[in-house]
Each structure stands twice: as structure tokens, then as C-alpha cells.
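# Fold and geometry: a report
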Amino acid sequence: MQHFRRAAGAGHIGGCIYVCRLLLDGGRSFADEEVVRFSAEVKHQLPQMRHESRAGSSMMTMLLAEVSLLGLCTTSRKAREGFNLLDQAAQAGYAPAQYLLGVCYDIGDGVKKDAEAAAHWYRKSAHQGFAPAEYNLGVCYLTGEGNVPQDPEEALAYLFRAAKQNYARAFVKIGLCYETGEAGLAVNPAQAVKYYQKGADLDFAPSLLNLGVMYDAGTGVPQDKHKAVELYRRGALQGYAPAQSNYAECFYQGEGCTLSFAQAVHWYQKAAAQGYPIAQINLGVCYDRGHGVPQSCKQAAKLWRQAALQGDPIAQTNLGHCLENGEGTARRPDFAAAWYQKAADQGYARAMSSLAECYEHGLGVPKCMRKAVHWYRKAA
């Protein structure tokens, strides 16, 4: 990020656009000071960009596409216009545009979602050695997305090619493969640490987080809670919600740093505001217990509902208890049982036990000892 900020600060148009993308993707608004400043520079250079695009510059055509897709210099995003510009640059053989066109097909931005078309454009870009496309194509070979045959060996080949170009996301994926044994690699925590470190050296937030987790647990490296906290901090300062949540947890537990409920709440709030369910759950716990904030069952229930709607079984169970007991919300045993059911179906033992109690006592569901015994056994 700092590299692109420096480029943007020097008036480099690509740097300005990329920084705006990173900031907006990270949850900043169009009113954010940096977004406003770099958008103004893009607007200033827009006539020259259009001139160079008409003169045949595929790079400028691609950058104009990014401007439209992001909605810079306009009152709204122009996704279809951006897609058409990308298609123009991609058809001309420009590898970065081919990659971005693949992303548009992948997520359905400006065009109907089409995983097979996405893989097609990733392949074209990857064959020109463009690292982000090599990475995405490698993931396609891992998952079989886009009608690409699952082939772990081919997947790793593309991932390692991207890694050789210092592509940070490739370092994270390779690290995960070594950590979990994905793609047929032998589980090797020390190798996982090695690749997470490579990404961390580039200040890539997911690498910082994963490396922090390894130091936190002492997996593949000697346990070092202070080192973990520092890595989480670096990721948190970039606005990466999972790192913010882990950093908050360190303050909440007082591990690797001084215990501070106030700091824990501060960082949980930042991650929760981005919709990160673990942070929403833990911030809810803070409100439920009055740790670092005034005690509020209502606010706890609200946060747990937000996470529950994302399918988190812990949040679904917590919300169920609120509804069962009328804590922070109206008492609705029937809704409580429904949330317990959702969490129990995901294999969460605490929810299974609560659901069993509902059937045993007829709370929100017809009393049924057979079903109660079934869920008690599954919870055991």
C-alpha cells in the first residue's frame, strides 16, 4: 500500500487509481480525505488519459475502465462502461486488462457472472506471465472453478510462478497449503511460516495475520505472543478486519500486551463495522458483560443478530439465548429454537444442547423427548 501511496503522491495516475481501489475496498467512503485527494488527481488527468486511449494505449484504456468501475470522477459507478473498456484492452492482448476482465466475469461486475469466461481470461493473461492471473488460474486448478479440471500439481505450478514474481497473495496461499496439506503438499508448519514471512515482508495484511497466528500458537516457530501482537497491529493499521479482531482479542485477554477492555472494544468496533462476524460476536460479549463499554443486552443482541445473519453458529446460539430469555430483545422461544436449529445443523454442540432443552420442555417447539434425546446425544 505504501508503495502505491508514494506513486500516487507523485501524481502517477495508476497509483492514484489503485490507492482509491484499495481504500474503497477497505471500507473507506468517497468522502474520505485520501479518496477525495487522489480522485481529484484522476479527474485532472482524465482528458489526457482519454486522448492516449484513443491513440491506442491499452494501459490507458484499462485505467479508464477502472475509473468507471470504481465510480471515480462521476456520481455513480458505470460498471458496463468499465467492462466494455476492459474488453477493448483485453482483446488487444494487454495482460493486466485480460486479468481484470476475468475478475469482472468472476464476480459479475458489469457483466453476467461466468466462471468459465473468467478462467479463459485468467489463462490468457497468465500465459503472458502476469502474476495476479497466474495466482487466480492456480486457484481455479485447485477448486475446479470455471470448468478447469482439478489438478493440484498444475495449481501449485501457477502459484509458485506468481510467488517468484513476489505476488503476495501467492505467498499466503502457498503458506496455507503447507499449513493444511492442501494441494497434496505434506503438512510443514515451518514452510508455511517461511511463505507467510515472505508476504509479511511485503506488508501484506493477510500474511501479517497468518504469521501472527503462527507465533501466537507456537506453530512452526517458537511461541512469541509479543511478536504476534505486533504482526496483528501492522495488519490492523491497514484496516484488515481479521487482524483488527485478533489485535482486539489480545487486548481483551491481556496476552502479549497489557490487558485493556477499552482498546479491545476500539478494535472490535473497527472490525465489526466492516461486517466481520467474529468481531461482531466478541463486541457483543463486551456489551453483554459491560467490558470497556456500558453494559447493554440490547446492543449485544443486535451485534449477535448481525453475525447470525451471516451464518455464524456461535452468534446464532447467542441470539437464541437472548430470544429464549427476553434479554435485549422481545422474548420469542419459537425464534430461539429456530436459531438453535440453524446452529445445530452446522454441528455446534452448544446449540444442539439448547435445542434439546427446547424439545424436552416444549420451548418454542412441540415437546418431544425423542428429538430431545437425539440432540443431547449429538451434543455429547
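Above this text is the structure in question.
Quick summary incoming for the structure in this document. All residue numbers here refer to positions counted from 1 along the written sequence of the relevant chain. Selection of residues for local features in this predicted model requires a pLDDT of at least 70, selection of side-chain atom pairs for listing and counting requires 80 or more, and totals for whole chains, interfaces and linings are taken over all residues. With hydrogens and water stripped out, all remaining heavy atoms of the structure feed into the side-chain values.

### Focus on the overall build of the chain
In DSSP terms, a helix is any run of H or I states spanning at least four residues, a strand is any run of E spanning at least two, and both are numbered starting from the N terminus. When helices and strands are counted, the chain shows 21 helices and zero strands. For each residue, the accessible area found with a 1.4 Å probe, counting protein chains only, is set against the maximum for its type, and the residue is called buried under 20%, exposed over 50%, and partly exposed in between. For the chain, with 380 residues in total, the buried portion stands at 48%. Split by element, the accessible area of the chain, about 18100 Å² in all, is 51% carbon and sulfur. All tallies of charge rest on Lys and Arg as positive and Asp and Glu as negative; His and the ends of each chain are not included. Charged side chains are reduced to one point each, which is NZ for Lys, CZ for Arg, CG for Asp and CD for Glu. The distance from the centre of the 39 positive side-chain charges to the centre of the 35 negative ones in the chain is 3 Å. Calculation of accessible area relied on Shrake-Rupley with a 1.4 Å probe; when residues are assessed, cover is drawn exclusively from the protein chains displayed.

### Focus on the pattern of salt bridges
We count a salt bridge whenever a side-chain nitrogen from Lys or Arg sits within 4 Å of a carboxyl oxygen from Asp or Glu. Here the structure, examined in full by the defined rule, presents six salt bridges. Between R332 and D334 there is a salt bridge whose closest N-O contact spans 2.7 Å. The exposure class of R332 is partly exposed, given its relative accessible area of 33%. Residue D334 is classed as partly exposed on the basis of its relative accessible area of 32%. Here the salt bridges do not stand alone but share partners, grouping D216, K225 and E255 into one network.

### Quick word on the side chain of S53
Tracing the backbone through its elements, the reader meets S53 in helix α3 (residues 33-54). Taking the relative accessible area as the measure of exposure, S53 reaches 10% and is therefore buried. By definition, residues are in contact when any of their heavy atoms lie within 4.5 Å. Not counting residues within four places of it along the chain, the set of residues in contact with S53 comprises M60, T61 and L64.

### Examining the packing of helix α11 (residues 189-201) against helix α12 (residues 205-217)
Each axis is a line fitted through C-alpha atoms, taken for helices only over the stretch in contact, and angles between the N-to-C directions span 0 to 180 degrees. Running from N to C, α11 and α12 cross one another at 145 degrees; their axes reach a closest spacing of 8 Å. By crossing handedness, the relation of α11 to α12 is classed as left-handed. Contacts between α11 and α12 involve P189, A192, V193, Y196, Q197, G199 and A200 from the former and S207, L208, N210, L211 and M214 from the latter. Residues are grouped as follows: Ala, Val, Leu, Ile, Met, Phe, Trp, Tyr, Cys and Pro are nonpolar; Asp, Glu, Lys and Arg are charged; every other residue, Gly included, is polar. For the contact of α11 with α12, the class distribution of residues is eight nonpolar, four polar and no charged. What makes a crossing left-handed is the near helix being turned counterclockwise from the far one by less than a right angle; a clockwise turn instead makes it right-handed.

### Section: helix α20 (residues 349-361)
For α20, which comprises 13 residues, the first-to-last C-alpha distance of 19 Å matches the rise-based estimate of 18 Å (1.5 Å per residue) to within 8%. Among the residues making up α20, those that are buried are A351, M352, S354, L355, A356, C358 and Y359. Of the surrounding secondary structure, the elements contacted by the buried residues of α20 are α18 (313-325), α19 (333-344) and α21 (369-379). G362 sits one or two positions beyond α20 and adopts a positive phi of about 70 degrees. Multiplying 1.5 Å by the helix residue count minus one yields the expected span of that helix.

### What about the state of the cysteines?
Our working definition of a disulfide is a cysteine sulfur pair at a distance within 2.5 Å. Counted under the stated rule, the structure contains zero disulfides. C16 provides the cysteine sulfur closest to C20, a residue in no disulfide bond, and the two sulfurs are 6.9 Å apart. Free cysteine: C297, not disulfide-bonded; nearest cysteine sulfur from C322 at 6.9 Å. In this structure C297 comes out as partly exposed when scored by relative accessible area, which is 26%.

### A closer look at unusual backbone geometry
Its identity is not glycine, yet N166 carries a phi of approximately 65 degrees, on the positive side. Inspection of the secondary structure assignment puts N166 in the loop between α9 (152-164) and α10 (168-180). One non-glycine residue with positive phi stands out, namely A183, at about 65 degrees.

### Focus: the packing of aromatic side chains
We call Phe, Tyr and Trp rings a pair once their centres come within 6.5 Å, taking the six-membered ring for Trp, and we label the pair stacked below 30 degrees between planes, edge-to-face above 60, and tilted otherwise. Within the structure shown, the criterion is met by 11 aromatic pairs. Following the ring pairs from residue to residue traces out a cluster consisting of F160, F171, Y178 and Y195. Put simply, a charge is over a ring when the Lys NZ or the Arg CZ is close to the ring centre, within 6 Å, and near the line of the ring normal, within 35 degrees. Above the ring of F38, the side-chain terminus of R37 is found at 4.6 Å from the ring centroid. The side chain of K270 reaches across the aromatic face of W267, ending 5.9 Å from its centre.

### Remarks on the nonpolar core
Residues belong to a common nonpolar core when they are buried Ala, Val, Leu, Ile, Met, Phe, Trp, Tyr or Cys residues joined through side-chain atoms within 4.5 Å. I17, M49, L86, Y105 and Y268 are the most contacted members of the largest nonpolar core, which has 127 residues in total. Among the elements that line this core, the one with the most residues is helix α4 (residues 58-70), at eight residues.

### Focus: the side chain of E134
As for its position among the elements, E134 is in helix α8 (residues 131-143). The side chain of E134 is buried and forms no salt bridge, while R161, the nearest opposite charge, is found at 5.4 Å. The term polar contact refers here to a pair of N or O atoms within 3.5 Å; inside protein, the definition further demands a hydrogen-donor-capable atom paired with an acceptor-capable atom, and it admits residues adjacent in sequence only when both atoms are side-chain atoms. Here A162 takes part through its backbone nitrogen, which lies 3.4 Å from a polar atom of the side chain of E134. In contact with E134, other than residues within four places in its own chain, are A126, G129, Y158, R161, A162 and Q165.

Everything listed here is a matter of coordinates, which is why it stays silent on function.
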